[in-house]
Amino acid sequence: MSRIYTHELTEKHWVDVHYNYTPGEPDQPYDSNGEPGTQGSPATVEITAIRCLCTDPNGNFHNVDILPYIEVCDELNTWDLEEKILESHED
């Protein structure tokens, strides 16, 4: 199920981060019969789109997915975004 996290870049600029969230599973050293259990897994986030409102030369607004054009930068680092989203699920 796709979810949306709004990330503020500046006071007047923000992006909507579309993502899929998979909750983690706790360690289960033993099952109910006392047999060896399963190793847990951490929660994960997969960013599927980062959308923002942009204007064209004619002043028309367009909702654009900028994820394909992003490389690691100070303002919009996808690794940091994933961490912030995971933290928001822990709250």
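Residues numbered from 1 in each chain as written. Predicted model: local features only at pLDDT ≥ 70, side-chain atom pairs only at ≥ 80, totals over all residues. Heavy atoms only, no water.

(A) A look at the layout of surface pockets. In this model, the largest pocket occupies a volume close to 260 Å³. Considering the residues around the largest pocket, the lining is formed by Leu9, Lys12, His13, Trp14, Val15, Asp16, His18, Arg51, Cys52, Leu53 and Asn63. For the lining of the largest pocket, the leading source of residues is strand 2 (residues 14–22), giving 4 residues. A class-by-class count of the residues in the lining of the largest pocket yields 5 nonpolar, 3 polar and 3 charged. (1 Å grid on protein atoms, 1.4 Å probe; cavity = no way out; pocket = protein on both sides within 12 Å on 5 of 7 lines; lining within 4 Å. Points joined across faces, edges and corners; volume = space filled by probe spheres on them. Helix = DSSP H or I, 4+ residues; strand = E, 2+ residues; numbered from the N terminus. Nonpolar A, V, L, I, M, F, W, Y, C, P; charged D, E, K, R; others polar.)

(B) Spotlight on a negative patch on the surface. Taken together, the side chains of Asp80, Glu83, Glu87 and Glu90 present a region of like negative charge at the surface. Secondary-structure assignment places Asp80 in helix 1 (residues 78–90). (Patch = residues over 30% accessible without salt bridge, like charges linked within 9 Å, V, L, I, M, F, W, Y side chains within 5 Å. Areas by Shrake-Rupley, 256 points an atom, 1.4 Å probe, with all protein chains shown as cover. Salt bridge = Lys/Arg side-chain N within 4 Å of Asp/Glu carboxyl O. Lys, Arg positive; Asp, Glu negative; His and termini not counted. Charge placed at Lys NZ, Arg CZ, Asp CG, Glu CD.)

(C) Summary view of the environment of Thr44. Tracing the sequence through the fold places Thr44 in strand 5 (residues 44–55). Remark: the alpha-carbon pair of Thr44 and Thr22, spanning 22 residues in sequence, is separated by 5.2 Å. When sequence neighbours within four positions are dropped, the list of residues in contact with Thr44 reads Asn20, Tyr21, Thr22 and Leu86. (Contact = heavy atoms within 4.5 Å.)

(D) Focus on the pairing of strand 2. The pairing of strand 1 (residues 2–8) with strand 2 spans 7 bridges and is antiparallel. The residue of strand 2 that forms the bridge with Arg3 is Tyr19. In sequence, strand 1 turns back onto strand 2 through a hairpin of 5 residues. Examined bridge by bridge, strand 2 and strand 5 share 7 bridges and lie antiparallel to one another. If you follow Tyr19 over to strand 5, its bridge partner there is Ile47. (Pairing = 2+ DSSP bridges.)

(E) Region of the structure containing the environment of Val64. By secondary structure assignment, the location of Val64 is in strand 6 (residues 61–65). Along the chain, Val64 and Cys54 lie 10 residues apart, while their C-alpha atoms are 6.7 Å from each other. What Val64 contacts, discounting residues up to four positions off in sequence, is Ile50, Arg51, Cys52 and Cys54.

(F) Seen up close, the sheet that holds strand 1. If you trace the 4 strands from one edge of the open sheet to the other, you get 1-2-5-6, paired in antiparallel fashion. Among the strands making up the open sheet, the edge pair consists of strand 1 and strand 6. Taken over all neighbouring pairs, the strand axes of this sheet differ in orientation by 25 degrees on average, direction set aside. Along the sheet, helix 1 contacts strand 1, strand 2 and strand 5; its crossing angle with strand 5, the most-contacted strand, is approximately 110 degrees. (Axes fitted to C-alpha atoms, helices over the stretch in contact; angles between N-to-C directions.)

Remember, this is a structural readout, not a statement about activity or role.
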